[in-house]
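Structure at a glance
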Amino acid sequence: MNVLFIHQNFPGQFVHLSANLAAQKGNRVVALAMRENPAPKNVQVRKYSLLRSPAAETHPMLRDEESKVLRAEACAAAAFQLKRDGFEPDVIVAHPGWGEALFIKDVFPNAKLVVYCEYYYAAEGQDVGFDPEDPPLSFQQRCRIRMKNTTNLLSLEMADAAISPTEWQKSTYPQWARDKITVIHDGIDFTRLKFNPDARVTLAATEYHPGLTFKPGDEVLSFVARNLEPVRGFPMLMRTLPQLLRNRPDAHAIILGGDEISYGHPAPSGGTWRQELMEEVGSELDMTRVHFAGKVPYQSYLNLLHVSKVHAYWTTPFVLSWSFLEAACSGLNTIASATVPVLEFAECVGVKTIPFFDRDAYVDELTAALGSTRKRAPVKEIAELQIAACVKRQKKLLAA
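Residues numbered from 1 in each chain as written. Predicted model: local features only at pLDDT ≥ 70, side-chain atom pairs only at ≥ 80, totals over all residues. Heavy atoms only, no water.

Observations regarding the overall build of the protein chain
Looking only at helices and strands, the protein chain has 12 helices and 15 strands in total. Computed over C-alpha atoms, the radius of gyration of the protein chain comes to 22 Å, within 12% of the 21 Å expected from 2.2 N^0.38 for 400 residues, which places it in the range of a compact globule. Along the longest, intermediate and shortest principal axes, the C-alpha atoms of the protein chain span 65 × 50 × 40 Å. Taking as baseline every contact in the protein chain between residues at least 6 positions apart, the subset at least 24 positions apart corresponds to 69%. Carbon together with sulfur atoms contributes 52% to the accessible area of the protein chain, which is approximately 18300 Å² in total. Charge centroids of the protein chain, computed over 44 positive and 45 negative side chains, lie 7 Å from each other. (Helix = DSSP H or I, 4+ residues; strand = E, 2+ residues; numbered from the N terminus. Rg over C-alpha atoms; globule rule 2.2 N^0.38 Å. Contact = heavy atoms within 4.5 Å. Areas by Shrake-Rupley, 256 points an atom, 1.4 Å probe, with all protein chains shown as cover. Lys, Arg positive; Asp, Glu negative; His and termini not counted. Charge placed at Lys NZ, Arg CZ, Asp CG, Glu CD.)

Structural notes on unusual backbone geometry
Glycine aside, negative phi is the norm for most residues, and most peptide bonds take the trans geometry. Look at the link from F10 to P11: it is a cis peptide, with omega at 10°. As for its position among the elements, P11 is in the loop between strand 1 (2-6) and helix 1 (15-23). Positive phi, close to 75°, is recorded for N42, a residue that is not glycine. Tracing the backbone through its elements, the reader meets N42 in the loop between strand 2 (28-33) and strand 3 (43-47).

As for the packing of helix 6 (residues 234-247) against helix 11 (residues 359-371)
The description of two helices packed together rests on the angle between their axes and the distance between the axes. At a minimum axis distance of 9 Å, the contact between helix 6 and helix 11 shows a crossing angle of 50°. Our classification of the angle between helix 6 and helix 11 gives oblique. Handedness of the crossing formed by helix 6 with helix 11: right-handed. Contacts between helix 6 and helix 11 pair M236, R239, T240, Q243, L244 and N247 from the former with R359, Y362, V363, L366, T367 and L370 from the latter. Of the residues that constitute the contact of helix 6 with helix 11, the class distribution is six nonpolar, four polar and two charged. (Axes fitted to C-alpha atoms, helices over the stretch in contact; angles between N-to-C directions. Parallel < 35°, antiparallel > 145°, perpendicular 65-115°, else oblique. Left-handed = near helix turned anticlockwise from the far one by under 90°. Nonpolar A, V, L, I, M, F, W, Y, C, P; charged D, E, K, R; others polar.)

Points about empty space enclosed by the protein
The method is simple in principle: a probe with the dimensions of a water molecule rolls over the atoms, and the space it marks as empty is what remains. Counted according to the given criterion, the structure contains one cavity of 30 Å³ or more. Contributing to the lining of the largest cavity are Q13, F14, L17, V93, V114, V115, Y116, I163, D186 and Q394. Considered class by class, the residues forming the lining of the largest cavity number seven nonpolar, two polar and one charged. (1 Å grid on protein atoms, 1.4 Å probe; cavity = no way out; pocket = protein on both sides within 12 Å on 5 of 7 lines; lining within 4 Å. Points joined across faces, edges and corners; volume = space filled by probe spheres on them.)

Quick notes on the sheet that holds strand 4 (residues 91-94)
Pairing within the open sheet is parallel, and its seven strands lie in the order 3-2-1-4-5-6-7. Of all the strands in the sheet, just strand 3 and strand 7 (181-183) have a single pairing partner and so form its edges. Neighbour-to-neighbour, the strand axes of the sheet open up by a mean angle of 25°, direction not taken into account. In the sheet, strand 5 (residues 112-116) pairs with strand 6 (residues 161-164) via three bridges, with the strands oriented parallel. Looking at strand 6, one finds that V114 is bridged to A161. With respect to the sheet, helix 12 (residues 387-399) is in contact with strand 4, strand 5, strand 6 and strand 7, its orientation differing from that of strand 5 by roughly 140°. (Pairing = 2+ DSSP bridges.)

Structural notes on the sheet that holds strand 10 (residues 220-227)
With parallel pairing, six strands are arranged side by side in an open sheet as 12-11-10-13-14-15. Two strands in the sheet have a free side with no partner beyond their single neighbour: strand 12 (290-294) and strand 15 (352-354). Adjacent strand axes in the sheet meet at a mean angle of 25°, parallel and antiparallel pairs treated alike.

Things to note about the side chain of D186
Within the fold, D186 resides in the loop between strand 7 and strand 8 (201-203). A polar atom in the side chain of D186 sits 2.8 Å from the side chain of Y116. A polar contact is formed between the side chain of D186 and the side chain of W322, at a distance of 3.0 Å. The residues contacting D186, other than those within four sequence positions of it, are Q13, H16, Y116, P165, W322, C390 and Q394. (Polar contact = N/O pair within 3.5 Å; in protein donor to acceptor, adjacent residues only side chain to side chain.)

Topic: the packing of aromatic side chains
One pass over the full model with this rule turns up 17 aromatic pairs. Note on F130 and F356: the rings are 5.1 Å apart at their centroids and 90° apart in plane angle, and the pair reads as edge-to-face. Of this pair, F130 sits in the loop between strand 5 and helix 4 (139-158) while F356 sits in the loop between strand 15 and helix 11, and the two are 226 residues apart along the sequence. Among the residues examined, F130 registers a relative accessible area of 25% and is labelled partly exposed. A relative accessible area of 6% places F356 in the buried class. Relative to F357, the ring of F130 has its centre 5.4 Å away and its plane inclined at 25°; by these criteria the two rings are stacked. A residue pair is termed long-range when its members are at least 10 positions apart, and F130 in the loop between strand 5 and helix 4 and F357 in the loop between strand 15 and helix 11 qualify at 227 residues. A network of ring pairs unites the aromatic residues Y119, Y121, W168, Y263 and F318 as a single cluster. Over the face of the ring belonging to Y121 we find K148, whose NZ or CZ atom lies 4.6 Å from the ring centre. The cationic tip of R274 hangs over the ring face of F292; the distance from NZ or CZ to the ring centre is 4.9 Å. (Phe/Tyr/Trp six-rings, centres within 6.5 Å; stacked < 30°, edge-to-face > 60°. Buried < 20%, exposed > 50% of the residue type's maximum accessible area, 1.4 Å probe, protein only. Lys NZ or Arg CZ within 6 Å of the ring centre and 35° of its normal.)

Laid out in structure tokens, this is it:
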């Protein structure tokens, strides 16, 4: 079987499925991507790039759509080159979020198209407007959110089947579209989550300390996000830290994440959200015990999960982070927001949930967790999240 994966940041959510298919005798697996990332063995990656940049004069409500059309155009050009080289996919698995899948059926009309339904945007009732501090949307902003779903809808209409990783993410799509979507998680590699008592986290010297090394058993609070922004509860973390660190004078907070905007809106000051929150609460923080480690390699992140004593996770009603499931399943004591994406898994992974905005409750729970003498729980291998089970279901859908 010939399989084509399309994801600007391949392998992304397709890492386990593509690796499994590429290891199977008789399969040829190719991927189209914009970025250079390590790919699974035997997967041939072809890069594509935009033929031009979005035009400055494009209507504001169409700028996002133009960038997606440009990606679709570039992806189609790369696909035509594959076709000229003799590659004809039987199945195409695509993440449609950036537009790449829009024209792929026009290149390979006989291939089965399976799209990854990660999230359907809404102007109210989900992440947008969840935080009362968010400024109300202007009419133009509401229209732009509506337009963001154009690519979603066109790709889903063309698709022969669709996958969503969680029930809640599927539920964000219109009722009439859900019949085409099958819920199958990407899969969690539980073997990598097994507790390593020899793990260490070493932080380079800064103006606040000469360099530090942490080991399991130290009073470490971990927080992980792709970028530090309100969608992932970063303001709540920062407003919690002053009292928490006063309660636990030996505790340290290690915060992973960049300063860009992945999902939400920019900080009001025009700077980063880290700058915004440091301006608000920085004078109350002992910066010898608050460590912004930025974006780190995956193994460094795993080391933090092994070293940490408690993991804090907040999310608005938005896509659930892999880091939440990995932290909770690793046996690490995890305190999370009682928001819908979390509640879908909270009971089976055994996490304590707190109302998103209840800062006092977070302080109390995190304080107790940092002071606890409880031993690390064993890895929780949730059957429906195991890689083998997820990949088996994904392959069955591809073959149907």
